[in-house]
Amino acid sequence: MRVLTIEDDRDMASFLKRALEEAGHECDLAADGETGLNKARDGDFDILIVDRMLPLKDGVSVVSEYRSGGGTTPVLFLSALGEVDHRLEGLQAGGDDYLAKPFAATELIARIEVLHRRRDTPPPVTKLTVGDLEMDLLARTVERAGQKIDLQPREFRLLEFLMRHAGQVVTRTMLLEKVWDYHFDPQTNVIDVHVSRLRSKIDKDFQEQLLHTVRGAGYRLQA
Amino acid sequence: MKAFLEALTRTTAFRLARLNGLVFLALAAALVGYIYFATAGQINASADKDATREFNEIAWLSGETRYDALNQAIIERAAATRDYLYLLADSQGRRISGNISVLPDDRMPTDERLRTSFTYYVGAGKERAREARGFVGRVSGDRVLLVARDMGDAPSVIARAVQSVWIVGALALLISLAAGVLASRAATRRVDEFNVTARSVMRGDLRRRAKVTGADDEFDTLAKAMNAMLDEIERLIQAMRHAGDAIAHDLRSPLTRLRSQLESALSDADKPETARAAIEDSITEADSLLKTFSAIMRLSRMEAVDPRAFVDVDITALAHQMAELYEPVFEDVGVRFSYAIAPGLRTRGDGALLAQALVNLLDNAVKYGATGPEADLRAYRNDASEIVLSIRDGGPGVPAPDRERVKERFVRLDQSRSQPGAGLGLSLAAAVAQRHQGRLELADGLRNGDQPGLQVQLVLPTLAPLKEKRAPVDTPKIVQPKPAQPQPEPTNHPAAE
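To keep things clear, this report deals only with the structure shown in the data block. The structure presented is a predicted model; accordingly, all values stated were derived computationally and were not measured.

### Digging into the overall build of chain A
Along the backbone of chain A there are eight helices and 12 strands. Pairs at least 24 residues apart make up 57% of the contacts formed inside chain A by residues separated by at least 6 positions.

As structure tokens, this is what we get:
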């Protein structure tokens, strides 16, 4: 996909460009808010990555002006360390996700892929299917190969998130944010423990493993 | 001198004194007016009345009798009294009889009777001026008659009274201005002291304090408040210096490790596998450094959290969520975890901060309590109606002498050196507690053989709920006695949901 990165820090920008290109995406760069806003309006991009602090025009203004001009491309905000409190401000301005620096390249790639997928969400569904795993969102039941699987409510939500993003890498931070709605990172491997519990319920008695660990990044549910 | 005057007239005390003086002056003017009308007005009115009566009597004579009788009457009356002044003159204004020599003004009266007042002189040699007031008019054909009442000393008495009031007023104005100058100089001196103190603190002399004179006046109150503020600032700066030292000390070793890892990666550049491993280690090291920085920043931001932005937080729900989040983690390290959470625990606070504090405490219990068989989380209201979030483990615990110290930043006990972390978890939880006007208490936990275990209690006061806008309720409120809530015993629970 085509990504526009609006970032004034040259090292950061080249890091982003490399990471995006290695993941098979095209990356255009803008080094200040004005240029970035113009490029975002003129170009045909799939994702905008916007740093909060920019020369000439800050990231929040860029995005809110872009949105009020009718732009619909998903936006991922980047913020410097310690600016997490501004998360809400960024989302209110029209951002779709928020990532605090520093972050691993895998985290960034995982997030923009999820954002991009979300853009063309299919109409609301009542059933999710990955391989022989089926989830009924109305009856709140899960079956694999016709065999009923009992899940606790939180496990159900965790699996639902993974199924909605089947085939994509989701990181631990993303799970903590989207499934638990917590915005801090625990020292211990809380998420791993929950995921491995879920895995034991959906994969244990079956030949084919659906829930994969992606080393150094997170998890992927894939048939 | 000019500058001094300008500075003086700008001071508050002087402005107040000036206002005071002006008010006094206005009062004096009012008093003068009153004295004048109460005395002079009264005297003049009574003199006018007497003169009118006398004039009427004489005029009546002139109507009834001949001119001779009129003349006679004036001569008699003028000889008999000194209280009245008479003058009968012909149509040209020339004196015919009476006890004054000429008409006091050149005006020739018409038929109308005119009011007149004049000064005349008595006595030979030492002439003495006297005031008189009366009427002049035509009588008995075209003759002119003047009848006036002698006013004696009254006008000058009045004038002196008025004058003295003016003088007193002017003096009062001067005195109040002078008092203002003195007061403002005294006040300015005290204020100058404050300024000197503030400036020297700004220049870096943190030990400087404002002088408290012991007069216990408003300046002393101000000085005490200022000193208390400076004490707090000094304490904060000391704490900051200490934290800075601690940060430097604590980050040096991971940074050193990072550097040596990178160096070995560089020297192993020709052995890709080894180099790769070294670089991966470096990233892990850098990540843990960044985590430490995040924790430090979270701690600093805590100072900026505004208690006025607190909202209603459902502690019961929060505790349940945390227990649910950590239960499998404890299970994973082989610790039996149970929890008992009283219903309906609410307070005002910052939900995210409280969650962060609980996460830190639970993380610790997982890390250090893994050697024990069990751990638990309890949430209840204590006898003082405070909310207690208690986490106990069966780990090595913290010896009593160290329990205050471990709450400070970067303090790690020797036995925990092998565990990951920067020694900020407890201090963050303590800061969260403090921000909520609560406290963090450490004690022995679930004893396990020779390990005392650790209990950490986050105690929160029940803050008054936010004022809600409510429609007035007409029905009387039924008050139900609440049963005392016993402290719930931890139960081994199968599933909370």
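### Topic: the interface of chain B and chain A
With 21 residues of chain B at the contact, the number on the chain A side is 18 residues. Of all the secondary structure elements, the ones that give two or more residues to the side of chain B that touches chain A are α6 (272–304), α7 (315–332) and α8 (351–368) of chain B. When residues of the side of chain B that touches chain A are assigned to their parent elements, the largest contribution, seven residues, is made by α8 of chain B. Split into classes, the residues belonging to the side of chain B that touches chain A amount to 12 nonpolar, three polar and six charged.

### Side note on the sheet that holds strand β11 (residues 439–443) of chain B
Residues and elements named next belong to chain B. The five strands lie next to each other as β7-β9-β10-β12-β11, forming an open sheet whose pairing is mixed. The sheet is open, and its two edges are formed by β7 (336–341) and β11, each paired on a single side. Strand-to-strand twist in this sheet, taken as the mean axis angle between neighbours without regard to direction, amounts to 10°. Alignment of strand β10 (residues 387–393) against strand β12 (residues 454–460), held across seven bridges, turns out to be antiparallel.

### Some points on the packing of α8 of chain B against helix α9 (residues 425–435) of chain B
Residue and element names in this part refer to chain B. Where α8 meets α9, the axes come as close as 9 Å, and the angle between the chain directions of the two elements is 145°. Where α8 crosses over α9, the two elements pack in a sense that is left-handed. Contact residues: α8 offers Leu353, Leu354, Gln356, Ala357, Asn360, Leu361, Asp363 and Asn364, while α9 offers Gly425, Leu428, Ala429, Val432, Ala433 and Arg435. For the contact of α8 with α9, a count of residues per class yields eight nonpolar, four polar and two charged.

### Digging into helix α3 (residues 59–68) of chain A
All names here are of chain A. Within the span of α3, buried status applies to Gly59, Val60, Val62, Val63 and Tyr66. Seen from one end, α3 has its buried residues packed into an arc of 160°, which puts them on one side. On the buried face of α3, the contacting elements are β1 (2–6), α2 (33–42), β3 (47–51), β4 (75–79) and α4 (87–92). Within two residues after α3, glycine 70 carries a phi angle of roughly 95°, on the positive side.

### Quick word on the sheet that holds strand β12 (residues 218–221) of chain A
Residue and element names in this part refer to chain A. Spatial strand order, β10-β12-β11: three strands in an open sheet with antiparallel pairing. Unpaired on one side and paired on the other, β10 (169–171) and β11 (211–214) mark the two borders of the sheet. Neighbour-to-neighbour, the strand axes of this sheet turn through a mean angle of 35°, independent of strand direction. One ladder, built from three bridges, connects β10 with β12; its direction is antiparallel. Bridge pairing in β12 links valine 170 to tyrosine 219.

### Let's talk about the environment of phenylalanine 337 of chain B
All names here are of chain B. Locating phenylalanine 337 in the fold gives a position in strand β7. As for phenylalanine 337 and alanine 375, which are separated by 38 residues in sequence, their C-alpha atoms are 4.9 Å apart. In this view, phenylalanine 337 contacts Glu327, Phe330, Glu331, Ala375 and Asp376; residues no more than four positions away in its chain are not counted.

Criteria and thresholds
Residues numbered from 1 in each chain as written. Chains lettered and ligands numbered in written order. Predicted model: local features only at pLDDT ≥ 70, side-chain atom pairs only at ≥ 80, totals over all residues. Helix = DSSP H or I, 4+ residues; strand = E, 2+ residues; numbered from the N terminus. Contact = placed C-beta atoms within 7 Å. Nonpolar A, V, L, I, M, F, W, Y, C, P; charged D, E, K, R; others polar. Pairing = 2+ DSSP bridges. Axes fitted to C-alpha atoms, helices over the stretch in contact; angles between N-to-C directions. Left-handed = near helix turned anticlockwise from the far one by under 90°. Buried ≥ 20, exposed ≤ 12 C-beta atoms within 10 Å, placed from the backbone. Arc of directions from axis to C-beta.

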